Amino acid sequence: MFIAVLSNGIGVEAQAPAHLTRIPIGLINTTADCTNRTVEGKVIRKGPLVKLVSDNFILKAVIQEHDATLNDLSQNLSINVFLFGSLAKSFSEVVSEGDVVLAYGFTVGKSPTAKKDKLHPCNLILSGDNAGIYVTRVSKAPKYTYVKLDDLKDGSVVNIYGVVVFFKQPFQSHGTDFCSSLKITDQSKQNIGCTIFCEKLEDHPIILQTGDIVRMHRVKAKLFNNSITLINTFGFSVVTFNGSVGEPVEPWTCSKSFHLDEEDRRTVEELRSWAASQGLRSLVSSAVPLSDIQPKSYFDLTCQLLAKAPIQSTCTLLRVWDGTRCPHPLLEIIVEPGVTEGPTSFSKAKESLIANVLVFDNHMNFAKQLKPGDFLRIYNLHAIPGSNKVPGLTSRQPAKMDHLAFHLHGGTSFGKGIRILPENCPDVQKLKRVLEFLPEDREQELNDLELIEVWCTPPESLDGDALERSGVCTERSCSHQMQPVMLSQLKQNHPDGPHHVRVQLRSYEPRRHHQALKLFCSKCSSIQDVPDDEVVAGIFSEASRHSESCSSPPWLQSGYVYRPGGSLASLDRALGVYLCTQLVADETANDLIFLHGSTLEETCRLAEGYPNLVPVMSSGGHLALLDPSAPFLFRGRRRYYRCQRCSKAILRKPSFDMLEEIDEKVIAEALGVQLLQFVLLLKLELQDSTDTLNVLLMKHTELFFNVLAEDASTNEEAQSRVRQSMDILCPPEGSMGERPWLDLCLTAYRAEDDGQNQTCYQICNTTLLTPLPNMTPPEGVSHKREEPRCSSEIHSVNNVNVM
DNA sequence: GGTTAGGCTTCG
């Protein structure tokens, strides 16, 4: 056995013993004498190291002829190579895909997989003491070595990797530079303070939250107060990465040139897993949406800037939103006319989602460069209750103790600061998706709508106390110019189309709110229940009973992952997976993994570490998707289902546009699957003084509650928002007098129901405005934690006619 | 080959 890695730039043939001569891959055949011959090629595939019985190992790789002059010899330029024993083990540790290797002492066999993999009809077997390999790494960049944080010597200049445990955004020092202050750690568990001075902001690390990973080149270790600290020195450079397991290993910025190889990716991924195992990321994250803000707390806010205005010489107002509504009333701020950058007013619905943030002193400078539309994170924002000393506070309302003001105090302690978030940051992508669903701003219609509300209000609503008391109202975002009608009128005439009504909620179904979550096919308009975990677990366990090996299509190649839990040494921890050949070639194999023979529980746990998992099973000797009742895709906590009727049943070759992020839509499209979307379906019984009316809330449920149905499938907060909203509209033990009056836009349409042509109604274009959805539920309401999934039937809403 | 900062809440 022999394996040697050669220094950069030295050709493998230069090092090979002189008595060996090269045979081009295209000329290899079973009759050729291969004693004293070498084969040279680039490693295009490196399989996992597989442990056999009696301490033997096997590893399969594919090498490709890399001499362009030999390309016309034959089509068979890529050949399977099997390595055994310690050679396999060393190869696994030392060789990376892309390396060029020179092998000798091999034997040539007939490849049993040639038909299937379309590779060379022969394979090479390297086994025993006579076989060996030389490796050259094709690398343009100089190799960096990184020092662990417990190995820093005073005065040394080093390169380091670390996980951020504390940071301050760059601030103006008293000298000539901006200063970034951070503290990092690594597997050695040392906490090391770093100070970075750079004149230009773009040379500073982009750190978005604790848990992010930094790689710094040329930092100097210096002893200060008996601790080693790191300071940037000549030639300093830094790149930072998202610290979440499963995210692509891409630096936050693309503007600088840097080198990133497989080893870097591995280092980042190792640090991510380690940080996750230490709880470094989730425990210290202080990101809080507006809906969860506690008075007196300090928090980080991820938001979009809508408008800004100077308030005083030391204070700037930032008007921001994050798509959630703060349950506490917020202080209004009066702005001088003509100084606002961005819109000066918004629709009532939008205004109710906007927070006023006052930034003081040193932060004003940074605020100057912000533009409306920017996505920001504001660090260590202070929620101050009952403040009446706010500059620009409206004089119309005296400050109330429950009104909140948001201050970014002067100074940089506790990391106070603002950062514009990069576009490729997952938080920005998520925020964009949420904001897309919010009501459009219709400023020009605002006055009209307000007038209509006054004119058209039915007599009941003259008693405005109910609304005042409950603090609940609704807002229509449609552009219909029409007067509200009484329910009896509507039922007598029931013409198709839109109607406005002013009503109370008499009752609703389902009372168990998680049962409102359904799966909807936008192609065939069918609706079904979300299968419960027991059913899904059963499908997985049935499928794993058929996990015997089967032929995988040529676009997939097999691999394995470790089963979560259990001991590392145990062989049965390896779980069979299939990877897309296309993605393997692009070094993004982990982006999509086909899991074979896993249980539901294992799949869920693996989904924490891999972005896209598609469970598969053997069916008639071929790979197939599981039963359509099971999710066809796991993405983190999210599960995606397919429409049985509208999906192709065969597992087909996906083709990815490499520039595109691989998400559920891309995968569904690639696999020929019709994706089912989560919808929230409720049947409401409305009433006014004249009649009652059954209506559905389906198409616009998300708008109505201001939650995404998909969030309600995984997220306790979203579920609780729906539950609490319904409790306010229809208190379980309250009297009719306490139910708020709601202004609704209804759409009437004709649909078949039990063979009869009937008029159905849905609530559309209406948003519920509640100041206290998440905080204080009405008395007497039981708040049992609800299961997110359930298969139970709801008789009355199962056979729904969909518009 | 160099001063700055070297975390540790708040005037509003």
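Criteria and thresholds
- Residues numbered from 1 in each chain as written.
- Chains lettered and ligands numbered in written order.
- Predicted model: local features only at pLDDT ≥ 70, side-chain atom pairs only at ≥ 80, totals over all residues.
- Heavy atoms only, no water.
- Salt bridge = Lys/Arg side-chain N within 4 Å of Asp/Glu carboxyl O.
- Core = buried A, V, L, I, M, F, W, Y, C linked by side-chain atoms within 4.5 Å.
- Buried < 20%, exposed > 50% of the residue type's maximum accessible area, 1.4 Å probe, protein only.
- Helix = DSSP H or I, 4+ residues; strand = E, 2+ residues; numbered from the N terminus.
- Contact = heavy atoms within 4.5 Å.
- Pairing = 2+ DSSP bridges.
- Axes fitted to C-alpha atoms, helices over the stretch in contact; angles between N-to-C directions.
- Arc of directions from axis to C-beta.
- pLDDT = per-residue confidence, 0-100.
- Phe/Tyr/Trp six-rings, centres within 6.5 Å; stacked < 30°, edge-to-face > 60°.
- Lys NZ or Arg CZ within 6 Å of the ring centre and 35° of its normal.

Asker: Lay out the pattern of salt bridges in plain terms, naming residues and giving numbers.
Answerer: Under the defined criterion, the tally for this structure stands at 21 salt bridges. Via salt bridges that share partners, Arg22, Glu40 and Glu65 belong to a single interconnected network.

Asker: Go over the nonpolar core, please, and point to the residues and values.
Answerer: Residues Leu684, Leu686, Phe705, Leu744 and Leu746 are the most contacted members of the largest nonpolar core, which totals 42 residues. When residues of this core are assigned to their parent elements, the largest contribution, 5 residues, is made by helix 18 (residues 716-729). Sequence-distant contacts of Leu746, defined by excluding residues within four places in its chain, comprise Leu490, Gly497, Pro498, His499, Val501, Leu686, Leu693, Val695, Gln762 and Ile763. Within the second largest apolar cluster, 37 residues are counted, among which are Leu152, Ile196, Val219 and Ile354.

Asker: Now, about the sheet that holds strand 25 (residues 517-520): what can you tell me, with residues and values included?
Answerer: What the 3 strands build is an open sheet, ordered 26-25-34; its pairing is antiparallel. The strands lining the two open edges of the sheet, one partner per strand, are strand 26 (527-529) and strand 34 (677-680). Taking each pair of neighbouring strands and ignoring which way they run, the sheet shows an average axis angle of 45°. When strand 25 meets strand 34, the two strands line up antiparallel, connected through 4 bridges. For Phe520, the partnering residue across the bridge sits in strand 34 and is Gln677.

Asker: I'd like to hear about helix 8 (residues 426-436), residue by residue, with values.
Answerer: Inspection of helix 8 places Val428, Leu431 and Leu435 among the buried residues, and these make up the whole buried set. Projected onto a plane normal to the axis of helix 8, the buried residues spread over an arc of 60° and lie on a single side. Close packing links the buried residues of helix 8 with strand 16 (298-312), strand 17 (315-321) and strand 19 (375-385).

Asker: How would you explain the confidence of the model for chain A if you had to name every residue and give the values?
Answerer: Residues of chain A with pLDDT of at least 70 account for 84%, and the chain-wide mean is 82. For the stretch residues 442-469, pLDDT sits under 50, and the model shows 37 contacts to residues farther than four places along the chain or on other chains. Ignoring residues within four places in sequence, the model shows residues 774-803, a span with pLDDT below 50, making 79 contacts including any to other chains.

Asker: Give me the lowdown on the packing of aromatic side chains, citing residues and values where you can.
Answerer: For the structure on display, the rule yields 9 aromatic pairs. For the pair Tyr144 and Tyr146, a centre-to-centre distance of 6.5 Å together with 40° between the ring planes defines the contact as tilted. Accessibility expressed as a relative area gives 28% for Tyr146, which makes it partly exposed. The interplanar angle of 85° and the centroid separation of 6.2 Å between the aromatic rings of Tyr641 and Phe678 together place this pair among those described as edge-to-face. Taken together, the residues span a long stretch of sequence, with Tyr641 in the loop between strand 33 (638-640) and helix 15 (664-671) and Phe678 in strand 34 at a distance of 37 residues. The two residues Tyr641 and Phe678 agree in class, both being buried. Put simply, the rings of Tyr144, Tyr146 and Tyr161 touch in pairs and so form one group of aromatic residues. Directly above the aromatic system of Tyr508 lies the positively charged group of Arg511, at a separation of 4.2 Å from the ring centroid.

Asker: Provide a residue-level description of the sheet that holds strand 11 (residues 157-172), including the pertinent values.
Answerer: Here we have 5 strands rolled up into a closed barrel, ordered 11-12-13-15-14, and mixed in their pairing. Each strand of the sheet is rotated relative to its neighbour by a mean of 50°, with strand direction disregarded. Pairing analysis gives 7 bridges linking strand 11 to strand 12 (residues 178-185), with the strands arranged antiparallel. In the sheet register, Val164 faces strand 12, and the bridge partner there is Ile184. Here helix 4 (residues 262-277) sits on the sheet in contact with strand 11, strand 12, strand 14 (213-224) and strand 15 (227-241), set at roughly 65° to strand 11.

Asker: Go over unusual backbone geometry with me, naming the residues and quoting the values.
Answerer: Along the chain, Glu509 connects to Pro510 via a cis peptide bond; the corresponding omega equals -5°. In this structure, Lys118 is a non-glycine residue whose phi angle is positive, near 60°. Along the chain, the position of Lys118 falls in the loop between helix 3 (114-117) and strand 9 (122-126).

Asker: Can you break down the side chain of His500 residue by residue, with the values?
Answerer: Relative to the assigned elements, His500 resides in strand 24 (residues 497-509). Apart from the residues lying within four places of it in its own chain, the contact partners of His500 are Arg476, Cys478, His480, Met482, Gln483, Pro484, Val485, Leu744 and Cys745.

Asker: Residues and numbers for the environment of Val530, please.
Answerer: Its place among the elements puts Val530 in the loop between strand 26 and helix 12 (533-545). On the basis of relative accessible area, Val530 is assigned to the buried category, the value being 1%. Separated by 183 residues in sequence, Val530 and Ser713 have C-alpha atoms that sit 9.1 Å apart.

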